[in-house]
Amino acid sequence: MRRSLNIARAVLRHASWRAALVLALMSVVVVALQSRPAVGQDRNFAGSVQSSYLYVYDQQNEDQDEKARQRAFDGFTTELSVKLAVDFDKHISTNVKLCFGCHGFEIDMAYVDLTVVDELRFRAGRFNPSFGEFPLRHDPANHRTVDKPLPYDMGRMVRLREWNLGVLPAPYVDNGLEIGGTHWFGYSFQLDYAAYAVGGLRGDNAGTDVDFKLSRSGESYYVDNNSRPTGGGRVSMTLDLSEAETTFTLGGSGMYGMYDPAAKLSYMIAGADFYARVKRFELRAEYLLRRTEMNLGEDPSSRFKFGPGRNGKFDRYALKDGFYVEALFPVLPRMELVGRFDGLRRFGNVLSASELSKNSQVLRYTVGTDISVGFGVRVKFDVEYYDFNDFHDELVGTLGVAAVL
Amino acid sequence: MTIDLARALSALIVLGFTLSGGCGGAKPSESTVYIDVQKIPLELRDEYASFAQNCSKCHGLSRALNAPVTDPKHWDLYVARMMRTAGSAISPKEQPVILRFLHWYTLGYDKAGGMPGEASATDEYTPPAEPEAFPALSAEPGAVASPPAMQEPAQSQKPAADPVTHPASEEAQDVTQTTAGEGQ
């Protein structure tokens, strides 16, 4: 142990901050693995890892000079998360979660949870603000498909650059304060609610859309870029008919803030979610909508691809919405079939260099299987068909192995 | 658009219901093989069913079953936290039911005797006394919500008589052997 510390000190003196972060992650993993099992009110260690391969069928592309790499992040991707939760007592706990993915190491959680009563709970620090149903299980070991639904896509969709990802890429992590709670009316009806104030999504002053890379990057520091907190919340109602092994959940979410440093460009996101479980059959559906204010600039006619509207003015708003419907069918004790239908739409002007149109649309059909091989390991295989109205259609296959740590 | 979306989606859903009804319409304990059901005492089968139904909505059962928990009191805080997750559908009525199974699983499952069908030890498994209803955190902030201490079962136990034959579970063997970390 002492030798390990000496080595660590020597490395930290000479290495870059990235190497230091790698070392910190390795130390957390080593300590966690050596930790004694959780006993009573103690530490909880949890984690997951998924390694996946995305294959884009290039034969569909008539222009052979454009490789799949230019349209998607094909190839191998690994997503790792490790989480440490400490329960001081039944009212106070802390949670830290470190993630590794396409863009290196990120802090997914670092917050204190204070529960006064079930109906009043505070979360302060860095966390996933309550929005929608899918973010509750965004961890790849928790959902049955290899990738995320299009409204929550964070870089696995085809034409990700042209579309600028989904409506609200998951996980959305931010710094702030959330107040929420849950209340049961009898034993069948659960009401959940949460409201928060966080730093918000980011972009630049001359932007026409949120910059999701900037939003989670530490290069502009993990602070609010315009001193204007973003507010939001979620309310959901759950009907639990345990005798019939049936559960229904209906939720609504909203978020509003400014994304540019001058705090002049607004964004508003609204969502609705639905979940149904009848015995072992599950159905999930969500709809998200984001209205983003754009900076028209000094000369919109040269900046944007399309001219003014019928009123002679350029519309300063762009609308992006998305949906998914996903059904889960257990067919064998260790095997489940997944069917998903999702899509994205974008309405509004685009920059002159954009390949999107004024009304862009993509629909995706996914059929997949999820097989449990034991030891908390799952093998997932999905086939996806993209139907674009601005580009040629795409056929994609993804294979992933996910494990619970 | 190359496919009739409404018909395709409807067919998908109908197929799902058909497959679910044919292969998995029964309770989770009969066809969701995450644990060797034969090792669960008959008097805890409903508790297991409640655990399987409630604790697989957001993640797989392996998160809980693979957790290296040695003190059943740990589950009290853990399940209380899961109850506060939005849409968990784990009611105060279900909480003690789930905890009864988890307490037994922590103390008794690994010590249950033999493979399914094998003759077991002479000691009978003694189920715990009927636990009191656990108050929700808001109902009794000062109370510790936990079931009565479970009696540790015998080193091995006689498999409960079960007219329904359940197939041997490779997953169950995996679960007893794993030492992976616990769920979130």
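Observations regarding the confidence of the model for chain A
Taken residue by residue, chain A gives an average pLDDT of 89. The fraction at 70 or more is 88%. For residues 35–40 of chain A, every residue scores under 50 in pLDDT, and the model assigns this stretch 19 contacts once sequence neighbours within four places are set aside.

Section: the packing of aromatic side chains
All names here are of chain A. Inspection of every chain in the model, using the stated rule, returns 17 aromatic pairs over all chains. When the ring of Tyr-111 is compared with that of Phe-127, the centres are 6.3 Å apart and the planes differ by 75°; the resulting orientation is edge-to-face. With Tyr-111 in strand 4 (residues 104–117) and Phe-127 in strand 5 (residues 120–127), this pair connects stretches of sequence that are 16 residues apart. Residue Tyr-111 shares its accessibility class with Phe-127, and that shared class is buried. Look at Phe-388 and Phe-391: their rings are 5.6 Å apart centre to centre, the planes differ by 85°, and that puts the pair in the edge-to-face class. Phe-391 carries the same exposure label as Phe-388, and that label is buried.

Some remarks on the side chain of Asp-139 of chain A
Along the chain, Asp-139 of chain A turns up in the loop between strand 5 and helix 3 (160–163). Those residues in contact with Asp-139 of chain A that lie beyond four places of it in its chain are Ser-48, Ser-81 and Lys-97 of chain A together with Arg-63 of chain B.

A few points about the nonpolar core
A general feature of soluble globular proteins is that nonpolar side chains tend to end up buried together. Within the largest apolar cluster, 40 residues are counted, with the highest numbers of intra-cluster contacts made by Phe-131, Trp-163, Leu-168, Leu-201, Met-255, Ile-269 and Tyr-386 of chain A. Excluding anything up to four places from it in sequence, Leu-168 of chain A contacts Phe-131, Pro-151, Tyr-152, Leu-201, Met-255, Ile-269 and Leu-288 of chain A.

Side note on the environment of Asp-113 of chain A
Residues and elements named next belong to chain A. Residue position: Asp-113 is located in strand 4. Classification of Asp-113 by relative accessible area gives buried; the value is 10%. The spatial distance from the C-alpha of Asp-113 to the C-alpha of Asp-87 is 9.3 Å, given a sequence separation of 26 residues. Within polar-contact distance, the side chain of Asp-113 engages the side chain of Thr-115 at 3.0 Å.

About the criteria used
- By convention here, each chain's residues receive numbers from 1 onward along its written sequence.
- Each chain gets a letter, beginning with A, and each ligand a number, beginning with 1, in the order they are written.
- Per-residue local features of the predicted model are confined to residues with pLDDT of at least 70, and side-chain atom pairs are confined, for both listing and counting, to 80 or more; whole-chain, interface and lining totals are unaffected and use all residues.
- Based on all heavy atoms of the structure, the side-chain values leave hydrogens and waters out of the count.
- Every residue gets a pLDDT, meaning the predictor's confidence in that residue, from 0 to 100.
- A contact between two residues is defined here by any heavy atoms of the two lying within 4.5 Å.
- Stacked, tilted and edge-to-face pairs are distinguished by plane angle, under 30 degrees for stacked and over 60 for edge-to-face with tilted covering the rest, among Phe, Tyr and Trp rings (Trp via its six-membered ring) whose centres lie within 6.5 Å.
- A run of DSSP states H or I qualifies as a helix once it reaches four residues; a run of E qualifies as a strand once it reaches two. Both are numbered from the N-terminal end.
- Any residue under 20% of the maximum accessible area for its type is buried, any over 50% is exposed, and the rest in between are partly exposed; the area is computed with a 1.4 Å probe on protein chains only.
- Residues grouped as a nonpolar core are buried Ala, Val, Leu, Ile, Met, Phe, Trp, Tyr and Cys residues, joined through side-chain atoms within 4.5 Å.
- For the purposes of these results, a polar contact is taken to be a pair of N or O atoms within 3.5 Å, where, inside protein, one atom must be able to donate a hydrogen and its partner to accept one; residues adjacent in sequence count only when each atom of the pair is a side-chain atom.

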